[in-house]
Amino acid sequence: MRKFNIRKVLDGLTAGSSSASQQPQPQQHTPGNREPEIQETLQSEHFQLCKTVRHGFPYQPSALAFDPVQKILAVGTQTGALRLFGRPGVECYCQHDSGAAVIQLQFLINEGALVSALADDTLHLWNLRQKRPAILHSLKFCRERVTFCHLPFQSKWLYVGTERGNIHIVNVESFTLSGYVIMWNKAIELSSKSHPGPIVHISDNPMDEGKLLIGFESGTVVLWDLKSKKGDYRYTYDEAIHSVAWHHEGKQFICSHSDGTLTIWNVRSPAKPVQTITPHGKQLKDGKKPEPCKPILKVEFKTSRSGHADGSVKFWDASAITLQVLYKLKTAKVFEKSRNKDDKPNTDIVDEDPYAIQIISWCPESRMLCIAGVSAHVIIYRFSKQEVIIEVIPMLEVRLLYEINDVESPEGEQAPPLSTPVGAASPQPIPPQSHPSTSSSSSDGLRDNVPCLKVKNSPLKQSPGYQAELVIQLVWVGGEPPQQITSLAVNSSYGLVVFGNCNGIAIVDYLQKAVLLNLGTIELYGSNDPYRREPRSPRKSRQPSGAGLCDINEGTVVPEDRCKSPTSGSSSPLNSDDEQKMNNFIEKVKTKSRKFSKMVASDIAKMSRKLSLPTDLKPDLDVKDNSFSRSRSSSVTSIDKESREAISALHFCETFTRKADSSPSPCLWVGTTLGTVLVIALNLPPGGEQRLLQPVIVSPSGTILRLKGGILRMAFLDTTGCLVPPAYESWREHNVPEEKDEKEKLKKKRPVSVSPSSSQEISENQYAVICSEKQAKVIALPTQNCAYKQNITETSFVLRGDIVALSNSICLACFCANGHIMTFSLPSLRPLLDVYYLPLTNMRIARTFCFTNNGQALYLVSPTEIQRLTYSQETCENLQEMLGELFTPVETPEAPNRGFFKGLFGGGAQSLDREELFGESSSGKASRSLAQHIPGPGGIEGVKGAASGVVGELARARLALDERGQKLGDLEERTTAMLSSADSFSKHAHEMMLKYKDKKWYQF
């Protein structure tokens, strides 16, 4: 198999993105036109929806078959799916219409056909001589249930065993029953007084095709003579049979039984087994029989954890029709593993799989990778081609808790005002920690300041590839576990990572290893909060992070020291009197409000496990009529609704933060589940060494936009309608010492890429594209006027929305809970496609569905399988050419020669004329009521070969002619070899005759 190098793949991605950014841009409009008319090229005829291919290991496998000549593996599942795997690039997915479980598969070896037996007692014949297999014939058994099938090599007669213990024979060419039937009572005769049970095994003797081995569930095995139509030998054991297998010489066979024993039988010794062993049973002393154990099955599948439950990240090459693994990253390596059951992680979020990954944010240009796990942890990775050993893994702990004050203060007292609004957070340097905080409980005995996972405190060897740069963990606060992260974003140009959950948002500078912002969601509003809530963010015991915030109006200048990084110095703390008053007030309130706070926090904890956008759905989903519907409360002042405002979307960009801005600047756009978009301004220091010494200042800008439904996705367009990518820093090796010239360049360089809009004049505007669960809006910037608006759905809601590239243009693609896939042009939001795809019957599809560029989409259809589809007309038309050929003409290998002595003494395999034995002339016709023949949708005339039409017929005729010529040439060579061998044998025989001609018999 071809080996891939993840380094070369990433180099190719970087080179491709660089070349794309250097392409000439479309003609720009004049700067004076604030909202120019953009020419859109996408039309409805560019879109068509169809499935392409399914990846991954088949979910719930129940049957397996292999064609050793064509090298094709077939796997059937309990849901009626059929997966076919061939050589690299060949992979196919089929589905039985009934959805019944596949109980057995049988290949017609090197014939391009497959027989499937289903749990609904139906047999299907599949034609594999085409890129998309089709059913040629079906046979439905009406009076007996099918339990086992066997198809001998190069035979057209299929043995079918039933629950009644009978064996019927099917002609696979016509899919009709033969009159030859093996009845159970004639097979066992007087060997048993009761019914032997269903057929569990059928196989012919490898050295004699006329002998058939029949296994019954009760423990009886019969060796049946097909010609004489009677049983030669009968073998009986007390335990039920699970499977039977022949020895290759055909003189012995082995059975596995329900008590875990294995019995080996000689064909000619039916009285008792030659050997009985219990390999997994407890061996007793004094020669007693071993204790019974679980049965040994012929094939046993063990389901492994799927997806990212073990904390691993895999990179795949998905450019072809199949997936090729490139690189695997194990994120659990940075944590200490539990050595016993008592040493469990300090988390109530998950009982198992604490390292499971929920969200991934990746910058391919800079090769920065950021993952968010189920234990409320974030790990930042940097790519390196050098192996390194780090003594201490840098770590930050963040307290992020959402609390609501009581409506009435106890004893009518009011909270004393703070003398300094920012006094609760004195910016101080926060050194990165290598282990969890030692503070494990609060004053009242509750768990506090404890992360869910323990980071390794020993040196860690990191191989070339992605290496851990920083570990961030949310900690327990006041006995409540941290809530799962719902949104994540990383920007290599700014050196920042941001994440949020149902409590609030945190911004971290991963270059300086410092927390810049740690706020509750409602604190981002300032005085512009439309819900008039009274929040209390975790200021009391929160780490110093400069998180204080006063009322912010549009255009208001926020004091810089409120949101500076820890390197910016310290501010004056609270005076002692105010601090004492605050502590006394908190102690009075604590007793009365603790029950209410716990109730709200518990509600948030339960909700957040289901919330987790984009990996999870909202909790209030109901399945009705194969679709999801959601009811929303009309009251916006409900505490229940206010407490559920989670961070659902994050986007770094360089755009206009306020209406009065004359030029774009770095900022962060934040979307919430209540449909609010907030803008945070970013003040970055110069690049190079100054970036590591000077602080990064973050401050809410006061800009607030509103949409219906939770925010899902945000993007930005320039004046020509082209997508504005986020700024990024090109990748460079950080583990190699830099030369002086390179250092000087980095000092002067600010690592912000040139976006398509930055070459334009600053007076030109931009467009913000915002998609929510209900509608989409295109906002003109900096005026913040709504240029275009589209109500996507009224009765349902959008699960996934992405801005993607297609046919040298861009569009908005949406997947709704009612099963519809829709696309809209940009920036006008003109509907282009609305197709019903599938009913949303499980959360897995909703959590994992995503759109990609070039008209591709995919989702996790089962815990182990990925379904790909396309909504591009061009891809649908070329799909047939993209699929690989399942069947290729290959000559069937010949059986090995029997040898001189086996032929002389009658040994070796014996053939059987099944046509004469099972044909209608000798066995008669079968009962019509026993089974019903059903013609398949893929008729034999339409699916004889992969090609079709005159060109296909000519190609097949030419191929057949070439094969015939090749076979004739091989025959001629064999004839010449046989003639030469005969001459040599005659010469040696004549010499031997002359040598012993005159000798007597006693002289030999």
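Remember, it's a predicted structure, so these values are computed and weren't measured experimentally.

Conventions used here
- Residues numbered from 1 in each chain as written.
- Predicted model: local features only at pLDDT ≥ 70, side-chain atom pairs only at ≥ 80, totals over all residues.
- Heavy atoms only, no water.
- Helix = DSSP H or I, 4+ residues; strand = E, 2+ residues; numbered from the N terminus.
- Contact = heavy atoms within 4.5 Å.
- Areas by Shrake-Rupley, 256 points an atom, 1.4 Å probe, with all protein chains shown as cover.
- Salt bridge = Lys/Arg side-chain N within 4 Å of Asp/Glu carboxyl O.
- Buried < 20%, exposed > 50% of the residue type's maximum accessible area, 1.4 Å probe, protein only.
- Pairing = 2+ DSSP bridges.
- Axes fitted to C-alpha atoms, helices over the stretch in contact; angles between N-to-C directions.
- pLDDT = per-residue confidence, 0-100.
- Polar contact = N/O pair within 3.5 Å; in protein donor to acceptor, adjacent residues only side chain to side chain.
- Patch = residues over 30% accessible without salt bridge, like charges linked within 9 Å, V, L, I, M, F, W, Y side chains within 5 Å.
- Lys, Arg positive; Asp, Glu negative; His and termini not counted.
- Charge placed at Lys NZ, Arg CZ, Asp CG, Glu CD.
- Phe/Tyr/Trp six-rings, centres within 6.5 Å; stacked < 30°, edge-to-face > 60°.
- Lys NZ or Arg CZ within 6 Å of the ring centre and 35° of its normal.

Let us look at the overall build of the chain. Each helix and strand in the chain was counted, giving twelve helices and 54 strands. Long-range pairs, those at least 24 residues apart, make up 60% of the contacts in the chain between residues at least 6 apart in sequence. Of the roughly 49700 Å² of accessible surface on the chain, a fraction of 51% belongs to carbon and sulfur atoms.

Another point: the pattern of salt bridges. Proximity of charged atoms lets side chains of opposite charge pair with each other. On inspection of all chains with the given rule, the structure shows 14 salt bridges. With a shortest N-O distance of 3.0 Å, Glu-91 and Arg-83 are connected by a salt bridge. A residue is classified by how much of its surface remains accessible, and Glu-91, at 15% relative accessible area, is buried. Residue Lys-513 is joined to Glu-469 by a salt bridge in which the shortest nitrogen-to-oxygen separation is 3.6 Å. On the criterion of sequence distance, the pair formed by Lys-513 in the loop between β34 (504–509) and β35 (514–520) and Glu-469 in strand β31 (residues 465–474) is long-range, its members being 44 residues apart.

Time to look at the pairing of strand β47 (residues 798–806). Along β47, eight of the nine residues are buried, which leaves the element largely enclosed by surrounding structure. Relative to strand β48 (residues 809–816), β47 is paired through eight bridges, and the arrangement is antiparallel. Within β48, the residue paired with Gly-801 across the bridge is Cys-814. In this structure, the hairpin formed by β47 and β48 is closed by a connection of two residues, where Ser-807 is found at a positive phi of approximately 50 degrees.

Moving on, we get to the sheet that holds strand β26 (residues 377–384). Spatial strand order, β24-β25-β26-β31-β28: five strands in an open sheet with mixed pairing. Strands at the two margins of the open sheet, each flanked by one partner only, are β24 (357–363) and β28 (395–398). Here the average twist between neighbouring strands, direction ignored, is 20 degrees. Both strand β25 (residues 368–373) and β26 contribute to a ladder of five bridges, which runs antiparallel. For Ala-372, the partnering residue across the bridge sits in β26 and is Val-378.

A sheet is described by the order of its strands in space; here five strands give the open sequence β6-β7-β8-β9-β54, paired in antiparallel fashion. Unpaired on one side and paired on the other, β6 (102–108) and β54 (931–935) mark the two borders of the sheet. Here the strands of the sheet are splayed against their neighbours by 20 degrees on average, with no regard to which way each runs. In this structure, strand β9 (residues 134–141) lies alongside β54, joined through five bridges in antiparallel fashion. If you follow Lys-140 over to β54, its bridge partner there is Gln-932.

On to the confidence of the model for the chain, then. Detailed reading of the predicted coordinates is not advisable wherever pLDDT is low. With 70% of its residues at a pLDDT of at least 70, the chain reaches an overall mean of 75. Ignoring residues within four places in sequence, the model shows residues 434–439, a span with pLDDT below 50, making 19 contacts including any to other chains.

Turning our attention to the environment of His-734. One can find His-734 in the loop between β43 (711–717) and α6 (740–748). Residue class for His-734 comes out partly exposed when judged on its relative accessible area of 33%. For His-734 and Gln-386, which are 348 residues apart along the polypeptide, the C-alpha to C-alpha distance reads 9.1 Å. Engagement of the side chain of His-734 in a polar contact is seen with the side chain of Arg-382, the distance being 2.8 Å.

Moving on, we come to a nonpolar patch on the surface. On the surface, Leu-64, Phe-66 and Leu-73 cluster together into a nonpolar patch covering about 260 Å² of accessible area. Tracing the sequence through the fold places Phe-66 in strand β2 (residues 61–67).

The next subject is unusual backbone geometry. In this structure, Pro-782 follows Leu-781 across a cis peptide bond, with omega equal to 10 degrees. Note the cis peptide between Leu-826 and Pro-827, where omega equals 10 degrees. Summarising the element assignment, Pro-827 is placed in the loop between β49 (820–825) and β50 (831–836). The phi angle at Lys-71 is positive, at roughly 60 degrees, despite the residue not being glycine. One can find Lys-71 in the loop between β2 and β3 (72–77). A positive phi is found at Asp-121, a non-glycine position, where the angle reads about 65 degrees. Its place among the elements puts Asp-121 in the loop between β7 (113–118) and β8 (122–127).

Our focus in this paragraph is a positive patch on the surface. Together, Lys-314, Lys-328, Lys-330, Lys-333 and Lys-337 make up a positively charged patch on the protein surface. With respect to the helices and strands, Lys-330 occurs in strand β23 (residues 324–330). When its relative accessible area of 47% is taken as the criterion, Lys-330 is described as partly exposed.

Here the focus is the side chain of Glu-91. Following the sequence through the fold, Glu-91 ends up in strand β5 (residues 91–95). A polar atom in the side chain of Glu-91 sits 3.0 Å from the side chain of Arg-83. Apart from residues no more than four positions distant in its own chain, Glu-91 is found in contact with Val-53, Arg-54, His-55, Gly-56, Arg-83, Leu-84, Phe-85 and Thr-322.

Within the fold, Thr-220 resides in strand β16 (residues 220–225). For Thr-220, the residues in contact, after removing those within four places along its chain, are Ile-188, Ile-214, Gly-215, Tyr-235, Thr-236 and Ile-241.

If you walk through the whole model with that rule in mind, you get 18 aromatic pairs. Considering the side-chain rings of Trp-246 and Phe-253, the 5.8 Å spacing of their centres and the 70 degrees angle between planes classify their relative orientation as edge-to-face. The pair formed by Trp-246 and Phe-253 is uniform in burial state, with each residue classed as buried. An angle of 45 degrees between the planes, with centres 6.3 Å apart, marks the rings of Tyr-327 and Tyr-466 as tilted. Within this pair, whereas Tyr-327 is found in strand β23, its partner Tyr-466 is found in strand β31, the two being separated by 139 residues in sequence. You can call Tyr-466 buried: its relative accessible area is 3%. Through a chain of ring-to-ring contacts, the aromatic side chains of Phe-47, Phe-815, Tyr-837, Phe-849, Phe-851, Tyr-859 and Tyr-871 assemble into a single cluster. The ring of Tyr-93 has Arg-54 sitting right over it, with the charged end atom 3.8 Å from the ring centre.

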